[in-house]
Amino acid sequence: MKKAFLLLALLALVLPVAAQDMGGCMIEPPESAAQINMIGWTYPIIDFYADELEACNAVDNIDVNTQLLDSGSAHDQLRLALGAGGTSPYDIIMVTQGDIESYVAEGWMMPLNDLIDKYEDEYQISDILGIADMTVDGNIYGLPMEQNTRHLFYRPDLLEKHGIAVPETWDDVIAACGVLAAEDSIVIPFTTQLHAGWAWRIEFGDMLLAFGGKPLNDDMTPAFNSDEGVMALEKLVEIVDACMGEEGLTYSIDDSQIGIATGELAMAFTWASRAAAMDDPDFSDFVGGIEFAPAPKATADGLYGATGGTGAGLGIPANIDDDPDLVFQVILEAMDEETMLRGSNYGVITRRAVAAKADARYLPAVFATIAGGVEGTPVPAIGAVLNPVLGQWLPQIAKGEMSAAELLDAAADAYTVEATAQGFIEG
């Protein structure tokens with residue numbers, strides 16, 4: 001993804017979109033009854049899109065059922081269902097770029113190229129940003145619903161009270177935590193999500209890139225157990241020790257969102273999709289009192305320590321009973337211009353024609369992080385092998401039984417064995 005292009009598109013570009021939407025679900029009723037099941041994980045903008053998918057229940061012979069779980073449970077259930085073989089119980093699945101890399105390697109995803117070509121004129125699909133991030137070897141496997149990244153949420157009243165400048169680097173965050181630890185009005189100074197293996201993997205992966213490292217070499221052999229990798233993992237341990245402690249390690253994305261909204265936390269590094277709720281009086285105790293900054297940097301002259309761009313999208317499993325054409329139309333009805341304009345109240349949407357119309361306090365931090373943040377390279381070996389291996393090994397650093405170097409070397413050995421077995425590394 002070209003980040004400069006994305007930033008310009010989000011900030012300024014307004015393209016005309018065909019006026020196909022008149023409100024509601026405009027699909028022609030199918031001749032026979034179709035039950036379309038969707039699975040994903042819950043947060044405000046996804047809850048909104050799930051309701052939009054179910055709007056097609058107003059069409060005769062269409063019954064859309066959406067199931068939204070927490071992220072870990074949704075991923076577990078998806079992998080069990082898709083890996084079991086046979087017909088998929090889900091017709092629409094929520095996916096990230098990393099999911100697509102993994103699921104395509106397993107043969108679980110349906111290419112959407114032909115359907116996109118068929119419905120381009122009616123739905124202006126090319127207006128949607130981030131499709132390249134859901135493409136593998138020229139095949140498109142998902143349509144992005146949102147742009148997302150992680151950035152800093154903070155309470156300016158507490159930073160001003162203690163004379164703390166808004167942190168720009170991770171060392172600044174650590175230093176601020178040393179001061180804020182004495183603040184009686186909070187529970188924990190700061191959290192980033194390290195409550196699960198996949199969360200450790202995301203934070204480590206971005207920290208690795210921010211220090212100038214890379215996950216894999218060109219021949220798919222491990223590169224993450226480098227000096228930069230050791231610095232990245234040691235920095236995460238520093239953050240845990242200075243800012244979070246054992247309690248902070250239990251904070252999920254939901255917990256961090258609630259914590260910053262209720263005053264339990266002074267700062268949090270979490271997803272942009274959770275920022276709109278900070279100004280929702282039904283959710284936040286600090287409406288107008290939470291500010292936002294770009295992701296911290298690993299080095300003062302480096303990139304922001306967060307990948308940015310495509311968040312979640314919708315795809316179709318390879319083996320479904322229902323007509324893929326009908327399923328795809330249901331997806332498109334939930335992602336038209338009118339729907340995304342309303343969705344911009346909940347997060348950063350993906351249509352160029354709508355992005356420039358959105359107005360929210362957190363958007364400058366989002367755009368800055370996307371434009372100046374680290375950028376990964378999607379390769380199948382990362383989704384199929386490396387991510388599961390890192391998700392298993394990285395949390396063990398919290399036990400204190402291995403140094404960062406020892407743990408990463410052990411993870412590299414485990415990755416090499418599995419990547420060789422799967423043919424990513426020549427034996």
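Residues numbered from 1 in each chain as written. Predicted model: local features only at pLDDT ≥ 70, side-chain atom pairs only at ≥ 80, totals over all residues. Heavy atoms only, no water.

Brief notes about the overall build of the chain
- When helices and strands are tallied, the chain shows 16 helices and 13 strands.
- Over its C-alpha trace the chain gives a radius of gyration of 22 Å, about what one expects of a compact globule, namely 22 Å for 427 residues.
- Overall, the chain is about 65 × 55 × 35 Å in size when its C-alpha atoms are taken along their principal axes.
- The buried share among the 427 residues of the chain stands at 55%.
- Counting only contacts in the chain whose residues sit at least 6 apart along the sequence, the fraction spanning at least 24 positions is 77%. (Helix = DSSP H or I, 4+ residues; strand = E, 2+ residues; numbered from the N terminus. Rg over C-alpha atoms; globule rule 2.2 N^0.38 Å. Buried < 20%, exposed > 50% of the residue type's maximum accessible area, 1.4 Å probe, protein only. Contact = heavy atoms within 4.5 Å.)

Side note on empty space enclosed by the protein
- Applying the stated criterion across every chain yields a total of two cavities of 30 Å³ or more.
- Roughly 60 Å³ of internal volume is contained in the largest cavity.
- Val348, Ile349, Ala355, Ala358 and Leu363 are, among the 10 residues lining the largest cavity, the residues nearest its centre.
- Of all the elements in the fold, those that place two or more residues in the lining of the largest cavity are strand S13 (348-349) and helix H14 (363-372). (1 Å grid on protein atoms, 1.4 Å probe; cavity = no way out; pocket = protein on both sides within 12 Å on 5 of 7 lines; lining within 4 Å. Points joined across faces, edges and corners; volume = space filled by probe spheres on them.)

So, the state of the cysteines
- The final tally for this structure, using the stated rule, is two disulfides.
- With a sulfur-sulfur separation of 2.0 Å, cysteine 25 is cross-linked through a disulfide to cysteine 56. Taking the sign of the S-S torsion, 80 degrees for the link of cysteine 25 and cysteine 56, the bridge is right-handed. Residue cysteine 25 is found in the loop between helix H1 (3-11) and strand S1 (34-41), and its partner cysteine 56 is found in the loop between helix H2 (44-54) and strand S2 (62-69); the two are separated by 31 residues along the sequence.
- In this model cysteine 177 forms its disulfide with cysteine 243; the gap between the sulfur atoms is 2.1 Å. Here cysteine 177 and cysteine 243 share a disulfide; its torsion about the S-S bond, 105 degrees, makes the bridge right-handed. Taken as a pair, cysteine 177 in helix H7 (residues 170-180) and cysteine 243 in helix H9 (residues 227-248) lie far apart in primary sequence, 66 residues in all. Each member of the pair, cysteine 177 as well as cysteine 243, is classed as buried. (Disulfide = S-S within 2.5 Å.)

A look at the pattern of salt bridges
- If you walk through the whole model with that rule in mind, you get 14 salt bridges.
- Notably, a salt bridge pairs aspartate 325 with lysine 118, separated by 2.5 Å at the nearest N-O pair. Here the residue aspartate 325 occupies a position in helix H11 (residues 324-333), and lysine 118 occupies one in helix H5 (residues 113-123), the gap between them amounting to 207 residues.
- Residue class for lysine 118 comes out exposed when judged on its relative accessible area of 53%.
- Between aspartate 171 and lysine 235 there is a salt bridge, with its nearest N and O atoms 2.6 Å apart. Here aspartate 171, found in helix H7, pairs with lysine 235, found in helix H9; they are 64 residues apart in sequence, far enough to count as distant.
- A residue is classified by how much of its surface remains accessible, and aspartate 171, at 42% relative accessible area, is partly exposed.
- Here the residues in one salt-bridge network are Glu52, Glu338 and Arg342, joined through shared partners. (Salt bridge = Lys/Arg side-chain N within 4 Å of Asp/Glu carboxyl O.)

Things to note about the layout of surface pockets
- Its boundaries defined by the atoms lining it, the second largest pocket holds a volume of some 230 Å³.
- Forming the boundary of the second largest pocket are 15 residues, of which Tyr43, Pro44, Gln257, Ala277 and Phe283 lie nearest the centre.
- Of all the secondary-structure elements, those providing two or more residues to the lining of the second largest pocket are H2 and helix H10 (253-262).
- If you tally residues by element for the lining of the second largest pocket, the top one is H10, at three residues.
- Considered class by class, the residues forming the lining of the second largest pocket number seven nonpolar, four polar and four charged. (Nonpolar A, V, L, I, M, F, W, Y, C, P; charged D, E, K, R; others polar.)

Quick word on unusual backbone geometry
- With a phi close to 50 degrees, aspartate 137 is a non-glycine residue in the positive phi region.
- Within the secondary structure, aspartate 137 sits in the loop between strand S4 (135-136) and strand S5 (139-140).
- For aspartate 137, a relative accessible area of 74% puts it in the exposed group.
- Its identity as a non-glycine residue notwithstanding, methionine 220 has a phi of 75 degrees, on the positive side.
- Assignment of secondary structure puts methionine 220 in the loop between helix H8 (197-210) and H9.

Side note on the sheet that holds S1
- In space, the five strands of this open sheet follow the order S2-S1-S3-S12-S6, with mixed pairing throughout. Each edge of the open sheet is held by one strand with a lone partner, namely S2 and strand S6 (143-144).
- Where S1 and strand S3 (residues 92-95) come together, two bridges link them in parallel fashion. Within S3, the position partnered with methionine 38 by the bridge is isoleucine 92. (Pairing = 2+ DSSP bridges.)

Re the pairing of S2
- Strand direction decides the pairing type here: S1 and S2, joined by eight bridges, are parallel. Each residue of the ladder has a partner; that of tryptophan 41, found in S2, is leucine 69.
- Taken together, S1, H2 and S2 constitute a β-α-β crossover, and its handedness is right-handed. (Right-handed = clockwise from strand over helix to strand, strands pointing away.)

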